[in-house]
Amino acid sequence: MTVTLNACPAPAKLNLFLHVTGRRADGYHLLQSAFQLIDRCDSLDFSVREDGRIVRTNDIPRVPPESDLVVRAAHLLRETAGRPDLGASITVEKRLPMGGGLGGGSSDAATTLLALNHLWKTGFKRQELMDIGLKLGADVPFFLFGRNAFAEGVGETLSPLETANCWYVVIEPGVSVPTAIIFSSSELTRDTKVVRITDFPDATNQIASNFGRNDLEIVATRHFPQIAEAIDWLGKFGKARMTGSGACVFCAFDHEQQADEVLKQLPSRWNGWKAKAMQEHPLAHLLPS
C-alpha cells in the first residue's frame, strides 16, 4: 500500500478579472471571476501515520499549526469520513507569498484533500471534495475543480474555461493584504453588472483584451500604495492588474522571452518572477470523477 506522496504541487492562481456583483444576506460577497492556474507552486509531502495524529512537521512563520488550512483540511477530511484513526505527517514548502492574492493557502488545503483522499482511501468524489473544501474557504473548491474556470457565487460555482497559453510576470509588492480590510471597505464597488461566460474573450485573443477589472484593486491601492506603484511600473509593458484581494500584481505576455526582458528591468525593491499558464491542475490525475 502506498503510504507516502512527496513533492505534491499546490499551484497559484491568478484572477484574470474579479467583479463584485452583489452581497448575500449573510454578508458574503457575490463575485464573478476567471481563475487561471500558473506553474508557480508550493510543495507538500505526505506520509500516513499509524498513531492517528495529524502533524505538520515544519514551522511556517506566522502560521501556527492549529490555524493552518492544511492541518484543518486534514482534520475535516478525517471527520467527514468518520475515521478518527487516520493520521498523517505533512511538510509544507512555501514558495507563494501569504496575503498575495495567489490562493496559496487555499491551494495547499486542496492539495491536502487530494493527497490524503488518495492515501487514506476515503473514497470521496470530486464534488464531495469540493463541498468539503468550501467549508475551509471560497477559493478551495476551484483548486479541486481541476482546471481553469469561470467562477460565480462566492467563488464556488465553476464552469470550465479555456485560456491562453501565455506567460505571466508577477510582482510581489512586499505587503500582505488582509482580505477583511478590502471586503469591509465602504469604498468597495458591490454592484458591477453581471457578465456571461460567453462575454469573456476566447483563448486566442485573451491576452490582447482588457476584459473587466479587479473591483478590489481600487480599495487595496488606497490602503497600500506599494501595490499602486507596482501596477504603474508593470503597466508600462502591458495591461497590469492586481490578483485577488492583493497584493500581487501581474501582466500577461505571449512569449517567455518577453517576460524575461521585463524581469531584467525590475526594480530591486520588489521580488518578481515569471510563470507559465496551465490549463489543468498538476494533480488532476488524483481527482476522482
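Above: the structure in question.
Fair warning: this is a prediction, and the values are worked out from it, not measured in the lab.

Engineer: So what's going on with unusual backbone geometry? Which residues, and what values?
Structural biologist: Put simply, G246 and A247 share a cis peptide bond, and its omega is 20°. Relative to the assigned elements, A247 resides in the loop between β8 (240–242) and β9 (249–253). The backbone phi angle of A7 is positive, close to 55°, even though this residue is not glycine. One can find A7 in strand β1 (residues 4–23). Despite not being glycine, R62 has its phi angle at roughly 70°, a positive value.

Engineer: Can you explain the environment of T57? Please cite residues and give values.
Structural biologist: With respect to the helices and strands, T57 occurs in the loop between β3 (54–56) and α1 (69–81). Overall, the relative accessible area of 47% leaves T57 in the partly exposed class. Residues T57 and L286, spaced 229 residues apart in sequence, show a C-alpha to C-alpha distance of 23 Å. Sequence-distant contacts of T57, that is, excluding residues within four places in its chain, are made with S89, I90 and T91. A distance of 2.4 Å separates polar atoms of two side chains, one belonging to T57 and the other to T91.

Engineer: Can you lay out helix α7 (residues 225–234) for me, pointing to particular residues and giving the numbers?
Structural biologist: Within α7, the full set of buried residues consists of I227, A230, I231, W233 and L234. In an axial view of α7, the angular spread of the buried residues amounts to 165°, which keeps them on one side of the axis. Where α7 is buried, its residues meet β7 (167–172), α6 (217–223), β8, β9 and α8 (256–264).

Engineer: Residues and numbers for the nonpolar core, please.
Structural biologist: Residues I90, L113 and L116 are the most contacted members of the largest nonpolar core, which totals 46 residues. Apart from the residues within four sequence positions on either side, L113 is in contact with A73, L77, L129, I132, G133, L136, V140 and L144. By size, the runner-up hydrophobic cluster in this structure holds 30 residues, among which are L31, F183, L266 and W270.

Engineer: Tell me about the layout of surface pockets, and please be specific about residues and values.
Structural biologist: In this approach a probe as big as a water molecule rolls over the atoms, and the regions it shows empty are the leftover space. Empty space within the largest pocket amounts to approximately 1,200 Å³. Secondary structure elements with two or more residues in the lining of the largest pocket: β1, β2 (29–49), α2 (104–119) and α5 (179–183). Looking at the lining of the largest pocket residue by residue, the classes come out as 18 nonpolar, 18 polar and six charged.

Engineer: Quick one: what's the story with the pattern of salt bridges, residue by residue and with numbers?
Structural biologist: All chains considered together, the criterion is met by 12 salt bridges. R213 is paired through a salt bridge with D215; the nearest N and O atoms lie 2.7 Å apart. On the basis of relative accessibility, which here comes to 41%, the residue R213 falls in the partly exposed class. The buried category is assigned to D215, whose relative accessible area is 3%.

What counts as what
- Residues numbered from 1 in each chain as written.
- Predicted model: local features only at pLDDT ≥ 70, side-chain atom pairs only at ≥ 80, totals over all residues.
- Heavy atoms only, no water.
- Helix = DSSP H or I, 4+ residues; strand = E, 2+ residues; numbered from the N terminus.
- Buried < 20%, exposed > 50% of the residue type's maximum accessible area, 1.4 Å probe, protein only.
- Contact = heavy atoms within 4.5 Å.
- Polar contact = N/O pair within 3.5 Å; in protein donor to acceptor, adjacent residues only side chain to side chain.
- Arc of directions from axis to C-beta.
- Core = buried A, V, L, I, M, F, W, Y, C linked by side-chain atoms within 4.5 Å.
- 1 Å grid on protein atoms, 1.4 Å probe; cavity = no way out; pocket = protein on both sides within 12 Å on 5 of 7 lines; lining within 4 Å.
- Points joined across faces, edges and corners; volume = space filled by probe spheres on them.
- Nonpolar A, V, L, I, M, F, W, Y, C, P; charged D, E, K, R; others polar.
- Salt bridge = Lys/Arg side-chain N within 4 Å of Asp/Glu carboxyl O.

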